[in-house]
Amino acid sequence: MPQTDELMLDDLEALAVADPGEILPATASAGAQLRRGLASVDEAAIARVSADGRPRGLVVAGMGGSGISGDVLAAVAGAGCPIPLQVVRSHTLPGWVGPLDVVVAVSCSGTTQETTSLAAEATRRGARVVSIGSAGSPLEQVVQAGGGVHLAVDAHGLMPRAALWTLAAPLLLLGAALDVATLGPGVLQAAADALDEVATESGPVVPVADNRAKMLGLALAESLPVVWGTSPVAAVAAYRAACQLNENAKLPCTFGGFSEVNHNQVVAFDGPYGARAAVDDVFRDPIEDGAPVPRLRLVLLRDAEEHPQDAQRATATIALAEERSIPVDVVTAQPGHPLVRLASLVGLVDWASVYAALALGIDPSPIGPINELKARIAD
């Protein structure tokens, strides 16, 4: 069982030393990112893309912290989206993509191999191609050479996972311009306000006893996290939580959405890390008896708007977990527009993932295995 340091989470100097990449300040900037994106978007460029009207289909291509911006758009568009909207995380476009479709390639750095490759392929197929990323990047060059449009963003040096809302802002505005997602007056501002509210409640100056994000981070650091969302919106937040726990805290995490997880993942409740795991003895000697086996911990992300059957499933799922001594944390979204609901959930899990890393004595910034993999497959 990993050991955590709860006291350091309330020590501002210790937090600054443990977070040299300044992931905590970056997390606090989420609301500001959304506002900057709204203020700096190239409206004329978006108008050029939308001049031909709503496409037959929309593909958002991106990897990692850049690609999840596509999931944000899909969650906002929802089940009522009037066209197919697909997020692609690979080297291959769907076979149906052609001149009637729009492909948006998102890469914070503008250097992601898979994303640049997909942008080039979309250009060859005659699709309307848009890129979102750094100005002057290889991605911009590929897209503009093919007659596409580049929406430049300035992430201010942040890693892609810490710049989600910088990348999501122009994509959301583009989705609205293409008439595939409805934002409405003030929605982006309301989402930014929700992110600010979470930051106020979750920031480093708020002590552990009053800080839900710190308490959740501590709990997840000592467990095998299982994060489930009770709606399509909440499922995107669950995916985000897993990715953030992977990259920031270097922890494994199982994630999914209702009601699919109730047909497979829930069976793990009866496994060696659930009901069959030995309950830790307060008198256990960590040297003589060894470390206890980590147990599952369920984080249930509840949407403010759920299908009635999924609301019933949530109640039943909590009961199943608690009957097996599996601890449960329930996080409920703020009410409102899907983007506001999503922002309120993502905001909290982002903070919790960073606190989990710092409580474990882990610098949340490095992504060593990712860089090693890139180096090994470089041409």
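This report concerns the structure included in the present document. (Residues numbered from 1 in each chain as written. Predicted model: local features only at pLDDT ≥ 70, side-chain atom pairs only at ≥ 80, totals over all residues. Heavy atoms only, no water.)

**Side note on the sheet that holds strand β4 (residues 128-133)**
Sheet strands pair via backbone hydrogen bonds, and the direction of the pair is either parallel or antiparallel. Heads up, the condition is: At least two bridges found by DSSP between two strands are what make those strands a pair. Under the scheme used here, helices are H or I runs from DSSP no shorter than 4 residues and strands are E runs no shorter than 2 residues, and both carry numbers assigned from the N terminus. Axis lines are fitted to C-alpha atoms, over the contacting stretch for helices. Their N-to-C directions set the angle, which ranges from 0 to 180 degrees. Here, two residues are considered to be in contact whenever any of their heavy atoms come within 4.5 Å of each other.
Reading across the sheet, the five strands line up as β2-β1-β3-β4-β5 and stay open at both edges, with parallel pairing between neighbours. Two strands bound the open sheet, and with one partner strand each, they are β2 (85-88) and β5 (149-152). Neighbour to neighbour, the strand axes of the sheet diverge by 20 degrees on average, direction disregarded. Relative to β5, β4 runs parallel, the two sharing four bridges. Its bridge partner lying in β5, I132 is registered against L151. Its contacts with the sheet place helix α6 (residues 113-124) against β1 (58-61), β2, β3 (102-107) and β4, and it is angled at close to 160 degrees to β3.

**Overview of unusual backbone geometry**
Along the chain, F258 connects to S259 via a cis peptide bond; the corresponding omega equals 0 degrees. A positive phi angle, near 55 degrees, is found at E22, a position not held by glycine. Within the element layout of this structure, E22 appears in the loop between α1 (12-18) and α2 (23-28). Phi is positive for K250, close to 60 degrees, though the residue is something other than glycine. For K250, the position within the fold is in the loop between α11 (232-247) and β7 (254-257).

**Observations regarding a negative patch on the surface**
Operational definition: Residues forming no salt bridge and having over 30% relative accessible area are the ones grouped into patches, like charges within 9 Å of each other and nonpolar side chains (Val, Leu, Ile, Met, Phe, Trp, Tyr) within 5 Å. Where accessible areas are quoted, they stem from the Shrake-Rupley method and a 1.4 Å probe; at the residue level, only the protein chains shown are allowed to cover. Salt bridges are defined by distance alone: a side-chain nitrogen of Lys or Arg within 4 Å of a carboxyl oxygen of Asp or Glu. His residues and chain termini do not enter the charge count, which takes Lys and Arg as positive and Asp and Glu as negative. For this purpose, a charge sits on NZ of Lys, CZ of Arg, CG of Asp or CD of Glu. The rule is simple: take the accessible area with a 1.4 Å probe, protein chains only, and divide by the maximum for that residue type; under 20% is buried, over 50% is exposed, in between is partly exposed.
On the surface, D5, E6, D11 and E13 cluster together to form a negatively charged patch. Position of D11 among the secondary structure elements: in the segment before α1. The exposure class of D11 is partly exposed, given its relative accessible area of 36%.

**Looking at α11**
Operational definition: Given a helix with a known number of residues, its expected span is that number minus one, times 1.5 Å.
In a regular helix each residue adds 1.5 Å, so 16 residues correspond to 22 Å; α11 covers 23 Å between its end C-alpha atoms and thus fits that length. Here α11 has its buried residues at V233, A234, V236, A237, A238, Y239, R240, A241, A242, Q244, L245 and E247.

**Observations regarding the sheet that holds strand β9 (residues 328-332)**
Sheet architecture is open: four strands sit in the order β7-β6-β8-β9, paired in parallel fashion. Strand pairing shows two members of the sheet lacking a second neighbour, β7 and β9, which therefore form its edges. Going from strand to strand, the sheet's axes swing by 15 degrees on average, the running direction of each strand aside. Bridge count for strand β6 (residues 224-229) against β7 is four bridges, and the pairing is parallel. Bridge assignment links G229 to a residue of β7, and that residue is G257. Sheet contacts for helix α12 (residues 308-323): β6, β8 (296-302) and β9; angle to β8, the most-contacted strand, approximately 165 degrees.

**Some details on the pairing of β1**
Filter applied, for reference: Crossover handedness is defined by viewing with both strands directed away from the observer: a clockwise path from the first strand over the helix to the second marks the crossover as right-handed.
What you see with β1 is no split at all: L58 and V60 on one side and V59 and A61 on the other are buried throughout. For the handedness criterion, the β-α-β arrangement of β1, helix α5 (residues 64-77) and β2 is classed as right-handed.

**As for the nonpolar core**
Short version of the rule: Side-chain atoms within 4.5 Å are what join buried Ala, Val, Leu, Ile, Met, Phe, Trp, Tyr and Cys residues into a set we call a nonpolar core.
Of all hydrophobic cores here, the largest spans 93 residues; its most connected members are L9, V104, W165, L172, L301 and L339. Here this core gets 16 residues from one element, more than from any other, and that element is helix α13 (residues 338-359). When near neighbours in sequence (up to four residues on either side) are disregarded, W165 contacts A30, Q33, L34, V72, L195, L339, A343 and V346.

**Quick notes on the packing of aromatic side chains**
Where we set the bar: Two rings from Phe, Tyr or Trp (for Trp, the six-membered ring) form a pair when their centres are within 6.5 Å of each other. A pair whose planes differ by under 30 degrees is stacked, one over 60 is edge-to-face, and the rest are tilted.
As enumerated under the stated definition, the model contains three aromatic pairs in all. Here Y239 and F255 contribute two aromatic rings whose centre-to-centre distance is 5.2 Å and whose plane-to-plane angle is 55 degrees, an arrangement assigned as tilted. Residue Y239 is found in helix α11, and its partner F255 is found in strand β7; the two are separated by 16 residues along the sequence. By relative accessible area, which is 19% here, Y239 ends up buried. Ring centres of W351 and Y355 lie 5.9 Å apart, and the angle between their planes is 25 degrees; this geometry places the pair in the stacked category. Taken together, the residues span about one helical turn, with W351 and Y355 both in helix α13 at a distance of four residues. For W351, a relative accessible area of 2% puts it in the buried group.

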